[in-house]
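Architecture at a glance
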Amino acid sequence: MFRKFKIINILLILSLGILSCDREQEVKQPPKVVTVWHWMTDRKDAFAELAQQYEKKTGIKVNFELYAPSDAYTQKVRAAAQGDTLPDIFGILGEMRDFASFIKAGYVEDLTEEMNKDNGRWRNYFFKKALEVNEFTLDNIYGVRPGIYGVPIDIMTIQMLYNKRFFRELGLDPEQPPQDFDEFINIGKRIKERGLQGMVSGWAELWMIDCLANNFAFNIMGKDKVIKTIKGEIPYTDPDWIKVLTLFKRMQDEGLLYNGIVTFINKTAEQLFANEKAVFAFNGSWCVNVYKGMNPNLDYGVMLPPKVSDNYPRSIWGGAGSSFMVNAKSNVKKEAIEFLKWLTEKEQQIFLSKTTFNLPANKDSVIDIHPRLAEFADDIEITTHPRLWGISEFPRVIEAFDKGIQSIIIGEKTPQEVAEEVQEIKERELNKKKLSRSKLVGE
Amino acid sequence: MNSFFYYNAKKVILNIIIHIFLLSIAATCLFPLIWMIGSSLKTQQTVFRDFSLIPKEMHWENYYLAWKQGGFGRYFLNTIFYTVSVVLGIVFVSSLAAYAFSRFEFVGKNLIFYMFMAAMMIPIPGSFVPLYVLLNKLHLRNTPLGYILCMINVGLSTSIFLLKTFFDKTPRELEDAARIDGCSKLGLWWHVALPLAKPVLAVVVVFNTLNVWNEYVLALIIFDSRQLMPLQVALTTFQGEFITQYPLLMAGLTITAIPVILIYILMQKYIIKGVTQGAIVE
């Protein structure tokens with residue numbers, strides 16, 4: 001009796017064991033989810049569509065979570081970093097030093113190895129300039145281990161735009177924008193005669209003035225001399241800097257600047273150009289989307305700021321667009337990287353560009369994008385950005401320089417006076433820096 | 001007779017000047033509101049071209065589109081829930097605290113009160129990161145309770161200050177009479193102090209309602225789930241990085257402003273009383 005019972009028991013245990021093994025095999029792993037935090041309201045729908053496509057293709061769900069405006073987003077990312085709750089993929093807005101502090105705290109994955117795999121397959125997707133802003137070189141001043149820490153999603157360049165209808169009215173060829181400063185000045189004379197308004201831009205926002213002034217400075221004296229000036233080795237009273245400042249005075253005197261240009265924020269300037277109130281504009285590649293919304297029939301072209309010297313090549317601001325970083329502590333790091341690789345492939349980049357009118361970071365995508373965007377993309381290789389110079393000017397000096405240009409435009413000061421004032425502030429700031437350094441050494 | 005005309009004329013001229021002044025103030029207050037409603041009825045193109053306050057073609061569909069695209073339904077319910085909970089919480093805690101500060105003597109009374117007042121000086125963005133870390137440790141992040149507690153905390157200092165100032169000026173004799181009738185300390189607060197403080201409570205309610213109704217930055221930081229977000233977040237749907245859908249944004253703003261305007265109109269009588277009678281330190 002007991003023997004029979006024992007056998008039944010053994011059989012029961014064995015069958016339960018087999019069943020449980022089967023059940024273990026049946027238990028499905030929950031689908032992997034990659035969470036992305038972003039601030040790009042205008043790309044919300046496009047990202048959602050791409051996430052759906054990716055899930056269909058790989059079975060991996062990607063959650064794009066939008067937190068806008070960008071100020072609130074920045075606060076959220078900082079708070080999440082403190083609370084160790086960063087998502088798998090996120091973006092860092094702000095200066096290079098903010099980016100560096102996230103890396104040094106161990107929140108950002110080094111993507112160099114992934115980028116260089118298979119003879120640099122992933123790295124080769126991108127415009128060189130698009131990657132530069134996500135890369136820390138060997139001699140970076142932030143003390144970050146050299147490497148690539150971000151994946152560019154899009155890029156931008158800041159150039160000049162011209163209204164083709166006005167060009168025809170002025171007897172100019174709309175396919176031949178001015179190449180050098182003299183041609184530009186000659187158009188100014190025609191603009192004045194016809195009672196039109198010249199160039200509009202958001203020059204109440206100082207950084208936009210700084211941008212054009214730097215374009216001119218790079219063309220007149222070259223990058224090395226600009227960097228030497230920032231280092232304090234060359235004064236702002238140098239004749240080349242006076243030349244840069246004088247160009248703004250000439251543009252004003254020759255009727256090339258819109259009346260009251262220094263009082264406009266960029267949104268107002270965009271509105272004026274879109275409503276055909278100005279012949280020229282100075283704006284970033286994002287304007288293609290803006291003008292499309294304000295006036296879909298606007299007929300305009302993109303041109304480089306006119307050449308002001310033959311000494312050095314022209315240079316424009318650009319390169320830096322939106323980038324994503326991978327959380328180094330993420331549980332789905334591998335999946336997050338794979339998703340970013342897919343997102344930056346040609347097809348997805350074309351889709352993003354066509355739906356959101358941003359310049360794609362993938363260099364092979366520019367063949368199939370909006371023609372105006374393609375014009376902006378043409379000049380990406382000559383872009384530069386202060387974030388990449390490895391040294392930054394004192395904020396007070398930048399402010400004095402840009403405000404000085406405003407004063408020149410409104411006729412308050414001469415280029416010489418502005419240069420002297422800027423140099424005075426520069427020297428004061430350099431002395432302060434020296435003093436604080438010597439105090440530190442003393443301690 | 002001459003002096004009669006002189007004084008009458010003086011009165012009329014003075015009245016005209018005062019009315020012109022008040023009308024111009026009212027116009028500056030109303031203009032943005034009218035502009036908002038006018039723009040909400042334009043198209044994305046006409047908003048940059050047609051600067052008239054009343055557009056030639058009214059696009060009422062903007063309201064429907066704003067409601068639908070912004071997902072206002074869910075957010076409206078969330079905001080109503082947060083506003084009611086936070087305002088009730090603030091009224092309850094601040095009235096009890098203010099009554100205690102005004103009537104009772106206890107160790108560290110002044111120190112605690114000044115600490116509350118000092119909290120008024122700290123700008124809210126300065127406390128975002130510590131709040132986030134604290135809520136995370138308490139497992140209250142991404143929960144309505146966490147957000148409500150934070151918002152109650154934000155509104156407490158000013159409300160306590162307003163109510164304490166009022167209670168300090170209320171005659172104690174009224175409470176003595178109730179005490180003789182056998183009223184407890186809580187009973188005195190409920191039956192005597194609170195009914196007397198109605199005008200100040202109205203001010204507390206309106207100010208905090210406005211504060212919670214318009215808040216979104218803290219919500220964005222605390223919440224990960226879109227389902228929990230308040231109404232103001234819906235408005236960010238229309239604000240792109242470089243481009244803003246102004247007609248939809250203005251329609252959304254009009255929708256979100258209506259409840260607050262209604263509350264203000266309904267409680268206007270109490271607010272004026274509250275501000276003039278109780279809420280100002282003499």
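What counts, and where the lines are drawn
- Residues numbered from 1 in each chain as written.
- Chains lettered and ligands numbered in written order.
- Predicted model: local features only at pLDDT ≥ 70, side-chain atom pairs only at ≥ 80, totals over all residues.
- Axes fitted to C-alpha atoms, helices over the stretch in contact; angles between N-to-C directions.
- Helix = DSSP H or I, 4+ residues; strand = E, 2+ residues; numbered from the N terminus.
- Left-handed = near helix turned anticlockwise from the far one by under 90°.
- Contact = placed C-beta atoms within 7 Å.
- Nonpolar A, V, L, I, M, F, W, Y, C, P; charged D, E, K, R; others polar.
- Pairing = 2+ DSSP bridges.
- Domains from an automatic or database assignment.
- Parallel < 35°, antiparallel > 145°, perpendicular 65-115°, else oblique.
- Buried ≥ 20, exposed ≤ 12 C-beta atoms within 10 Å, placed from the backbone.
- pLDDT = per-residue confidence, 0-100.
- Core = buried A, V, L, I, M, F, W, Y, C linked by C-beta atoms within 7 Å.
- Right-handed = clockwise from strand over helix to strand, strands pointing away.

Moving on: the packing of helix α3 (residues 72–103) of chain B against helix α9 (residues 198–213) of chain B. Residue and element names in this part refer to chain B. Here α3 crosses α9 at 140 degrees, and the two axes come no closer than 9 Å. Of the two possible hands of crossing, α3 and α9 adopt the one that is right-handed. Mapping the contact onto sequence places Thr-79, Tyr-82, Thr-83, Val-86, Val-87, Ile-90, Val-91 and Ser-94 in α3 and Leu-201, Val-204, Val-205, Asn-208, Thr-209, Val-212 and Trp-213 in α9. Across the contact of α3 with α9, the residue classes break down as ten nonpolar, five polar and no charged.

Let us look at the sheet that holds strand β10 (residues 280–284) of chain A. Residues and elements named next belong to chain A. With mixed pairing, four strands are arranged side by side in an open sheet as β9-β10-β8-β11. Of all strands in the sheet, those bounded by a partner on one side alone are β9 (199–200) and β11 (300–303). As judged from the four bridges shared by strand β8 (residues 158–163) and β11, these two strands associate in the antiparallel manner. Its bridge partner lying in β11, Asn-163 is registered against Tyr-300.

Moving on, we get to the domain arrangement of chain A. Residue and element names in this part refer to chain A. Partitioning chain A into domains gives domain 1 (33–156 + 319–378) and domain 2 (158–317 + 390–435). For domain 1 and domain 2, the distance between their C-alpha centroids amounts to 31 Å. Contact residues are listed per partner, giving ten residues for domain 1 and ten residues for domain 2. Of the residues forming the side of domain 1 that touches domain 2, the biggest block, four residues, is contributed by helix α15 (residues 371–377). Residues belonging to the side of domain 1 that touches domain 2 are distributed by class as follows: six nonpolar, two polar and two charged.

Once that is clear, we can look at the packing of helix α9 (residues 206–231) of chain A against helix α10 (residues 239–253) of chain A. All names here are of chain A. As a packed pair, α9 and α10 sit with axes 9 Å apart at the nearest point and diverge in direction by 165 degrees. When the axis of α9 is compared with that of α10, the two are roughly antiparallel. Remark: the crossing between α9 and α10 carries right-handed chirality. In this structure, α9 contributes Ala-213, Phe-216, Ala-217, Ile-220, Met-221 and Lys-225 to the contact, and α10 contributes Asp-240, Lys-243, Val-244 and Leu-247.

Residues and elements named next belong to chain B. Structurally, Ala-234 is set in helix α11 (residues 231–236). What makes Ala-234 buried here is the crowd of 26 C-beta atoms within 10 Å. Through-space distance from the C-alpha of Ala-234 to that of Gly-73 is 9.9 Å; in sequence the pair is 161 residues apart. The contact partners of Ala-234, leaving out residues within four places of it in the chain, are Gly-70, Gly-71, Phe-72, Tyr-75 and Gly-252.

We now examine the domain arrangement of chain B. The domain architecture assigned to chain B consists of domain 1 (2–39) and domain 2 (65–278). Computed from C-alpha coordinates alone, the two centres of domain 1 of chain B and domain 2 of chain B are separated by 34 Å.

Taken residue by residue, chain A gives an average pLDDT of 90. The fraction at 70 or more is 92%. The model gives residues 18–25 of chain A a pLDDT under 50, and that stretch makes zero contacts with residues more than four places away or in other chains.

Glancing now at the confidence of the model for chain B. Residues shown with low pLDDT carry predicted positions that ought not to be read at fine detail. Residue and element names in this part refer to chain B. Averaged over all residues, the pLDDT of chain B equals 88, while 96% of them reach at least 70. Averaged pLDDT values for the elements of chain B fall to 82 in helix α12 (residues 246–278) and rise to 95 in α3. Model confidence for the complex is summarised by a pTM of 0.81, with the ipTM given as 0.76.

Another aspect to go through is helix α11 (residues 266–274) of chain A. Residues and elements named next belong to chain A. Burial within α11 is extensive, with seven of its nine residues counted as buried. For α11, the complete set of buried residues consists of Asn-266, Ala-269, Glu-270, Gln-271, Leu-272, Phe-273 and Ala-274. Where the residues of α11 are buried, they touch β8, β9, α9, β10 and α12 (287–294). At the C-terminal side of α11, Glu-276 shows a positive phi close to 55 degrees.

Formed by 186 residues in total, the largest nonpolar core has its most connected members in Val-200 and Ala-281 of chain A. Tallying contributions element by element places helix α6 (residues 144–169) of chain B first for this core, with twelve residues. In this structure, Val-200 of chain A is in contact with Tyr-258, Ile-261, Phe-264, Ala-269, Leu-272, Phe-273, Ala-278 and Ala-281 of chain A, ignoring residues within four places of it in sequence.

To continue, consider the interface of chain B and chain A. Chain B puts 21 residues into the contact, and the matching count from chain A is 24 residues. Of all the secondary-structure elements, those providing two or more residues to the side of chain B that touches chain A are α5 (128–137) and α10 (217–222) of chain B. For the side of chain B that touches chain A, the element with the most residues is α5 of chain B, which contributes five residues.

Let's shift gears to the pairing of strand β2 (residues 61–66) of chain A. Across a regular strand the side chains alternate sides, sitting on one face of the sheet and then on the other. All names here are of chain A. Here six bridges tie strand β1 (residues 33–38) to β2, and the two strands are oriented parallel to one another. Counted as the bridge partner of Val-36 is Phe-64 from β2. Assessed by its sense of winding, the connection that carries the chain from β1 through helix α2 (residues 44–58) to β2 is right-handed.

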